[in-house]
Each structure stands twice: as C-alpha cells, then as structure tokens.
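Listed below, chain by chain, are the residues.
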Amino acid sequence: MTRENEMFEYEIATARRADLIREADRYRMAREAKKAPRTSRGQESERTVSRHRSLFTRAA
C-alpha cells in the first residue's frame, strides 16, 4: 500500500468517526427532548418573573 492510500483511508475513517459522533449526539438530544417536561416556556418565564417581582424597583 502506498503512503497516499494510507492517508486516504485515514481521512475516510476520520470522517466516518465524525459522522457517527454527530449521529449519536442527534439521537441523544432527541431522547432527552422526549423525556423533558412538556410545559410551555412562555408560561414558565411568567411564573418566574412574577415570583420575584418585589425584588426589583420599577423603571421610569
């Protein structure tokens, strides 16, 4: 095998490894999203702000 073929095979293996890592990340993120609570982010933010409203002074 020539040096060029070895480098080509190495580059292919490196690209394949990167593809597998990206695929695993997408799979993991999809599974985590399915497990996440299904609350609306807008409502959650309003509750958080209203709970701490007395800590801040009003702006002009």
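Residues numbered from 1 in each chain as written. Predicted model: local features only at pLDDT ≥ 70, side-chain atom pairs only at ≥ 80, totals over all residues. Heavy atoms only, no water.

Residue placement: Asp-19 occurs in helix 1 (residues 3-35). For Asp-19, a relative accessible area of 35% puts it in the partly exposed group. Among the polar contacts made by the side chain of Asp-19, one reaches the side chain of Arg-22 at a distance of 2.4 Å. (Helix = DSSP H or I, 4+ residues; strand = E, 2+ residues; numbered from the N terminus. Buried < 20%, exposed > 50% of the residue type's maximum accessible area, 1.4 Å probe, protein only. Polar contact = N/O pair within 3.5 Å; in protein donor to acceptor, adjacent residues only side chain to side chain.)

Before going further, it helps to examine the pattern of salt bridges. Summed over all chains, the structure comprises 3 salt bridges. For Asp-25, the salt bridge identified is with Arg-28, shortest N-O distance 3.7 Å. Taken together, the positions of Asp-25 and Arg-28, both in helix 1 and 3 residues apart, correspond to about one turn of that helix. Through salt bridges with shared partners, one network takes in Asp-25, Arg-28 and Glu-32. (Salt bridge = Lys/Arg side-chain N within 4 Å of Asp/Glu carboxyl O.)

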